[in-house]
Amino acid sequence: DPHNLAAHFSMANEYKATNEDALALAHYRAVLERQPRSARALNGSGVVLRRQGRLTEAARYFEQALAAQPGLFLAVNNLGNVYRELQYRAALRSQPDAHLVRLNLGNVLRDQGRDAEALAVYLAALEARPRSTRLRHTLAELHLEMGEPEAARAQLEAILALDPSDTEARHRLDRLARDAVPSSP
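Residues numbered from 1 in each chain as written. Predicted model: local features only at pLDDT ≥ 70, side-chain atom pairs only at ≥ 80, totals over all residues. Heavy atoms only, no water.

A. Up close: the packing of helix α1 (residues 5-17) against helix α2 (residues 21-34). In contact at an axis separation of 7 Å, α1 and α2 are set at 155 degrees when each is read in the N-to-C sense. Judged by the angle between their axes, α1 and α2 are roughly antiparallel. The handedness of the crossing between α1 and α2 is left-handed. For the pair formed by α1 and α2, the contact residues are L5, H8, F9, M11, A12, N13, Y15 and K16 on the first element and L23, A24, H27, Y28, A30, V31 and R34 on the second. The class makeup of the residues in the contact of α1 with α2 is ten nonpolar, three polar and two charged. (Axes fitted to C-alpha atoms, helices over the stretch in contact; angles between N-to-C directions. Helix = DSSP H or I, 4+ residues; strand = E, 2+ residues; numbered from the N terminus. Parallel < 35°, antiparallel > 145°, perpendicular 65-115°, else oblique. Left-handed = near helix turned anticlockwise from the far one by under 90°. Contact = heavy atoms within 4.5 Å. Nonpolar A, V, L, I, M, F, W, Y, C, P; charged D, E, K, R; others polar.)

Structure, rendered in structure tokens:
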């Protein structure tokens, strides 16, 4: 039923959750045609657009969601993340080797659950600063979160090769070794 807004909103959220962006946007659009100030539909549209890399459009939707419902936390958070990502990407265009900018962009992506993108950004930063133990700690943590203990171990070992006195890396490496030992029945 084209007039059942609750059904459209529910379908939009389901499609958004399964990364079927075109269908999600179509259902959000159906809601917005009838309720142009639906903060939840505006926010949902922004999330999908952000995921597609359409950051400027996403920001407009988040801004509209906030105009419709000031203080809507999800829209505030999403808008802040988009602004941060836009700023870091702009900084990288003018300073492509700025490893701290890449680190911060990776953190923004990671905060949004975009781990694969964050990993790529962190690895690019590592190319610029292969001796950065801070960056290697971040990579080790991300690899662990992504279920990649061997990649985490490689980063931790690289940290100790750079700085044998790094107690945090040693502790994490020891914990990985303990976790790898199968428990006896």
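Next comes the rest of the description.
B. Molecular detail of the side chain of R172. Relative to the helices and strands, R172 is located in helix α10 (residues 167-180). Since its relative accessible area comes to 10%, R172 is described here as buried. Looking at R172, its side chain comes within polar contact range of the side chain of H137, at 3.4 Å. With sequence-adjacent residues up to four places away left out, R172 is seen in contact with H137, E141 and L156. (Buried < 20%, exposed > 50% of the residue type's maximum accessible area, 1.4 Å probe, protein only. Polar contact = N/O pair within 3.5 Å; in protein donor to acceptor, adjacent residues only side chain to side chain.)

C. Highlighting the pattern of salt bridges. Here the structure, examined in full by the defined rule, presents eleven salt bridges. Here R172 ties to E168 by a salt bridge, and the two come within 3.7 Å at their closest N and O atoms. Taken as a pair, R172 and E168 lie in helix α10 at a separation of four residues, close to a single helical turn. The class of E168 is partly exposed, set by a relative accessible area of 44%. Taken together, the salt bridges that share partners define one network made up of R110, E141, E145, E168 and R172. (Salt bridge = Lys/Arg side-chain N within 4 Å of Asp/Glu carboxyl O.)

D. Here's a closer look at the packing of helix α6 (residues 99-111) against helix α7 (residues 115-128). Between α6 and α7, the least distance of the axes is 8 Å, while the angle of their chain directions is 170 degrees. When the axis of α6 is compared with that of α7, the two are roughly antiparallel. Like other packed secondary-structure pairs, α6 and α7 cross with a definite hand, here left-handed. Counted together, H99, R102, L103, L105, G106, N107, L109 and R110 of α6 and D115, E117, A118, V121, Y122, A124, A125 and A128 of α7 form the full contact between these two elements.

E. Spatial organisation of the environment of D179. Secondary-structure assignment places D179 in helix α10. Distance in space between the C-alpha atoms of D179 and P149 is 9.8 Å, their sequence separation being 30 residues.

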